[in-house]
Amino acid sequence: MEHAIKVTQLRKVFSQHTAIEDISFAVKPGEIFGLLGPSGSGKTTTIKILTGELGQTAGEVNVLDTNARSFGTAAFKSRIGILSDNSSLYERLTVDDNLRLFCKLYDAPLDQIDVMLDEVNLKDARNKVVSKLSKGMKQRVLLAKALIHRPELIFLDEPTSALDPGNMAHIHRGLQKLNEAGTTIFITTHDMEEATELCHRVAFLNNGSIQELGSPEDLRYKYSTHAFHIETFDGERLVIENEAENANEIRDLVASGQVKAIHSDNPTLGQIFLKVTGKELV
Ligand SMILES: Nc1ncnc2c1ncn2[C@@H]1O[C@H](COP(=O)(O)OP(=O)(O)OP(=O)(O)O)[C@@H](O)[C@H]1O
Ligand SMILES: [Mg+2]
């Protein structure tokens, strides 16, 4: 399989409003791909089209070598996992009962429940009734549910937005582990730190258009001013271009023992997003 996801000239129009405007991108098998954008930029709409919940207005969508016409089949559904705003649990049942039901639905072995609860840091809540869980705990049960049948490809729509930093880090480690074992991950977020840490490549979505796409490192290099920022012990701050002709100046400074700190000027993904789209991502 060359691509886990291939989208060509995808467009989605809701009555008069164009939510997605001719976007194209491909996700490689084994990749963690992030779709980044502010509220209303079209992230959830894209995930809904990629998982068969919504039809597209125009363009081609192919997921796991399957055409959008077959996204409704049980065979396709068993190969993907979804965590979205629409994901829900049986509130009056326990965590364990919920996960048992989903195991049955997907024909997954029951011992997966233990594995998944460990992965989302919820072993102690196994026998709790869902309605008594906090928002972040419910989010983690939903994640366990999305992963319980060990899908090849998972779609995560802002999976960590309700989580505290400790649980967020735990989930990130879990996702990285899953990915190392071969799972492809398509994630939306407006958390730029999350994207920088997790994603192999990211696409910037703004008003339904992709405005930049690449690995976080490549983008940070592309938008760098390619200068060194040097701070000396007497408080002087120098900006020296990364050019061969400046080598001696930098060498002399270091040799003088005056350099307190030296760093390159790679902007954060958030700063790049602001530069490219004119919008802050918070
Ligand atoms: N069912 C719908 N009917 C009409 N318009 C819709 C529908 N779903 C989404 N939209 C519109 O499409 C645009 C993109 O919405 P979408 O939910 O995809 O954004 P998002 O990037 O997921 O935002 P958020 O970060 O707030 O979740 C918005 O202008 C929204 O109002
Ligand atoms: Mg959304």
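In case you missed it, the structure is sitting above this.
What this report covers is the structure whose coordinates are included nearby.

**Side note on the overall build of the protein chain**
Turning to step 1, where the next piece is worked out: Looking only at helices and strands, the protein chain features 10 helices and 13 strands.
Turning to step 2, where the next piece is worked out: When its C-alpha atoms are laid out on the principal axes, the protein chain stretches across 70 × 45 × 35 Å.
Turning to step 3, where the next piece is worked out: Buried positions account for 45% of the 282 residues belonging to the protein chain.
Turning to step 4, where the next piece is worked out: When contacts within the protein chain are restricted to residue pairs at least 6 apart in sequence, long-range pairs at least 24 apart make up 66% of them.
Turning to step 5, where the next piece is worked out: Here the protein chain displays about 14,400 Å² of accessible surface, and carbon together with sulfur accounts for 47% of that area.
Turning to step 6, where the next piece is worked out: Averaging the positions of the 31 positive and the 39 negative side-chain charges in the protein chain gives two centres separated by 9 Å.

**Observations regarding the pattern of salt bridges**
Turning to step 1, where the next piece is worked out: Inspection of every chain in the model, using the stated rule, returns 14 salt bridges.
Turning to step 2, where the next piece is worked out: For Glu158, the salt bridge goes to Lys43, with nearest N and O atoms at 3.9 Å. On the criterion of sequence distance, the pair formed by Glu158 in the loop between strand S7 (153-157) and helix H6 (165-180) and Lys43 in helix H1 (residues 43-50) is long-range, its members being 115 residues apart.
Turning to step 3, where the next piece is worked out: On the accessibility criterion, Lys43 (5% relative accessible area) is buried.

**Digging into the packing of aromatic side chains**
Turning to step 1, where the next piece is worked out: Enumeration over the complete set of coordinates arrives at seven aromatic pairs.
Turning to step 2, where the next piece is worked out: With a centroid separation of 5.4 Å and an interplanar angle of 10°, the aromatic rings of Phe25 and Phe33 are classed as stacked. For the pair shown, Phe25 and Phe33 are each scored as buried.
Turning to step 3, where the next piece is worked out: Seen from their ring centres, Phe33 and Phe186 are 5.8 Å apart, and the 15° between their planes marks the pair as stacked. With a gap of 153 residues between them, Phe33 in strand S3 (residues 32-36) and Phe186 in strand S8 (residues 184-189) connect regions that are remote in the sequence. By the burial criterion, Phe33 is buried, and Phe186 matches it.
Turning to step 4, where the next piece is worked out: Three or more aromatic residues joined by ring pairs make a cluster, and in this case those are Phe25, Phe33, Phe155 and Phe186.

**Observations regarding the site of ligand 1**
Turning to step 1, where the next piece is worked out: Every one of the 13 residues lining ligand 1 counts as a neighbour, but Ser39, Gly40, Lys43, Thr44 and Thr45 are closest to it.
Turning to step 2, where the next piece is worked out: The separation between an oxygen atom of ligand 1 and a polar side-chain atom of Lys43 is 2.7 Å.
Turning to step 3, where the next piece is worked out: Thr44 has a polar side-chain atom sitting 2.8 Å from an oxygen atom of ligand 1.
Turning to step 4, where the next piece is worked out: Here ligand 1, which alone exposes 640 Å², has 61% of that area covered by the protein.
Turning to step 5, where the next piece is worked out: For the shell around ligand 1, the elements supplying multiple residues, two or more each, are strand S2 (17-27) and H1.
Turning to step 6, where the next piece is worked out: Ranked by residue count, the leading element in the shell around ligand 1 is H1, at three residues.

**Points about the sheet that holds strand S13 (residues 259-264)**
The pairing of strands in a sheet comes from backbone hydrogen bonds and takes either a parallel or an antiparallel form.
Turning to step 1, where the next piece is worked out: Pairing is antiparallel in the open sheet, where three strands are placed in the order S12-S11-S13. The outermost strands of the open sheet, each flanked by one partner alone, are strand S12 (237-241) and S13. Across this sheet, the average inter-strand angle for adjacent strands is 20°, counted without regard to direction.
Turning to step 2, where the next piece is worked out: Summarising the sheet, strand S11 (residues 227-232) and S12 pair through five bridges and their orientation is antiparallel. Bridge pairing links Ile230 to Leu238 in S12.

**Remarks on the nonpolar core**
Turning to step 1, where the next piece is worked out: Within the largest apolar cluster, 45 residues are counted, with the highest numbers of intra-cluster contacts made by Leu99, Leu156, Leu175, Val202, Phe204 and Leu269.
Turning to step 2, where the next piece is worked out: Here this core takes seven residues from helix H5 (residues 135-147), the largest share from any one element.
Turning to step 3, where the next piece is worked out: Other than its neighbours up to four places away in sequence, Leu269 contacts Leu36, Met192, Ala195, Thr196, Val202, Phe204, Pro216 and Leu219.
Turning to step 4, where the next piece is worked out: Core analysis: the next-biggest nonpolar cluster, separate from the first, contains 24 residues, Ile5, Val27, Ile80 and Ala203 among them.

**Some points on the sheet that holds strand S9 (residues 201-206)**
Turning to step 1, where the next piece is worked out: Taken together, the six strands give an open sheet; going across it, the order is S6-S7-S8-S3-S9-S10, and neighbouring strands pair in mixed fashion. Among the strands making up the open sheet, the edge pair consists of strand S6 (80-83) and strand S10 (209-214). Taken over all neighbouring pairs, the strand axes of this sheet differ in orientation by 15° on average, direction set aside.
Turning to step 2, where the next piece is worked out: Bridge count between S9 and S10: five bridges; the pairing is antiparallel. The residue bridging Phe204 from the neighbouring strand is Glu212, located in S10.
Turning to step 3, where the next piece is worked out: On top of the sheet, H1 reaches S3, S7, S8 and S9; it is set at about 150° to S8, its chief contact.

Definitions and limits used
Residues numbered from 1 in each chain as written. Chains lettered and ligands numbered in written order. Predicted model: local features only at pLDDT ≥ 70, side-chain atom pairs only at ≥ 80, totals over all residues. Heavy atoms only, no water. Helix = DSSP H or I, 4+ residues; strand = E, 2+ residues; numbered from the N terminus. Buried < 20%, exposed > 50% of the residue type's maximum accessible area, 1.4 Å probe, protein only. Contact = heavy atoms within 4.5 Å. Areas by Shrake-Rupley, 256 points an atom, 1.4 Å probe, with all protein chains shown as cover. Lys, Arg positive; Asp, Glu negative; His and termini not counted. Charge placed at Lys NZ, Arg CZ, Asp CG, Glu CD. Salt bridge = Lys/Arg side-chain N within 4 Å of Asp/Glu carboxyl O. Phe/Tyr/Trp six-rings, centres within 6.5 Å; stacked < 30°, edge-to-face > 60°. Near = heavy atom within 4 Å. Polar contact = N/O pair within 3.5 Å; in protein donor to acceptor, adjacent residues only side chain to side chain. Pairing = 2+ DSSP bridges. Axes fitted to C-alpha atoms, helices over the stretch in contact; angles between N-to-C directions. Core = buried A, V, L, I, M, F, W, Y, C linked by side-chain atoms within 4.5 Å.

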